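# Breakdown of the fold
One letter stands for each residue in the lines below.
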Amino acid sequence: MAGKKSEESGQDVTALFEQAIQSRAEDLYREAAQAMLGKLRPSNQVTVGELLTALEQHPDVWSVVSAMGVIEFGAALLGRSAGDATASAAKR
């Protein structure tokens, strides 16, 4: 019985470790996509459709961008945090 308990504990550790790695990877992809958007700086000569189409071509970036809120996306394009953009909009 002690062997079974040990095996279950090992499986729990493995599962928890894999979950932690997956969570960290998702955080890293999100941070990288937001950093990239802040450096993108599209001009007004690029339409929203063109920008979104270009972002869709990169599945890792698109998975993050498509889950963003509108204010968060706009703030990321401006190189700001979503909190800054929300506070700025609230003052108006």
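Residues numbered from 1 in each chain as written. Predicted model: local features only at pLDDT ≥ 70, side-chain atom pairs only at ≥ 80, totals over all residues. Heavy atoms only, no water.

In total, this model carries 2 salt bridges according to the counting rule given. The partner of E31 in a salt bridge is R24, and the shortest N-O contact between them spans 3.8 Å. Judged by its relative accessible area of 43%, E31 falls in the partly exposed class. Residue R30 is joined to E72 by a salt bridge in which the shortest nitrogen-to-oxygen separation is 2.3 Å. On the criterion of sequence distance, the pair formed by R30 in helix α1 (residues 2-40) and E72 in helix α4 (residues 70-78) is long-range, its members being 42 residues apart. (Salt bridge = Lys/Arg side-chain N within 4 Å of Asp/Glu carboxyl O. Buried < 20%, exposed > 50% of the residue type's maximum accessible area, 1.4 Å probe, protein only. Helix = DSSP H or I, 4+ residues; strand = E, 2+ residues; numbered from the N terminus.)

With that settled, consider the nonpolar core. Among soluble globular proteins, nonpolar side chains are generally buried collectively. L37, L51, L55, V61, V65, M68, F73, A76 and L77 together form the largest nonpolar core, which totals 9 residues. At the level of secondary structure, the elements contributing two or more residues to this core comprise α2 (48-56), α3 (59-65) and α4. At 3 residues, α4 tops the list of elements feeding residues into this core. Look past the residues within four positions of L51 in its chain and what remains in contact with it is L40, P42, V46, F73 and L77. (Core = buried A, V, L, I, M, F, W, Y, C linked by side-chain atoms within 4.5 Å. Contact = heavy atoms within 4.5 Å.)

Okay, the confidence of the model for the protein next. With 77% of its residues at a pLDDT of 70 or more, the protein shows a mean pLDDT of 83. Summarising per-element confidence for the protein, the mean pLDDT is lowest in helix α5 (residues 82-91) (60) and highest in α2 (94). (pLDDT = per-residue confidence, 0-100.)

Among the structural elements, A32 can be located in helix α1. Assessed through its relative accessible area of 45%, A32 is described here as partly exposed. Measuring from C-alpha to C-alpha, the distance between A32 and V64 comes to 9.4 Å, with 32 residues separating the pair along the chain.

This part is about the environment of E56. As for its position among the elements, E56 is in helix α2. On the basis of relative accessible area, E56 is assigned to the partly exposed category, the value being 42%. Along the backbone, E56 and S66 are 10 residues apart, and their C-alpha atoms lie at a distance of 8.8 Å.

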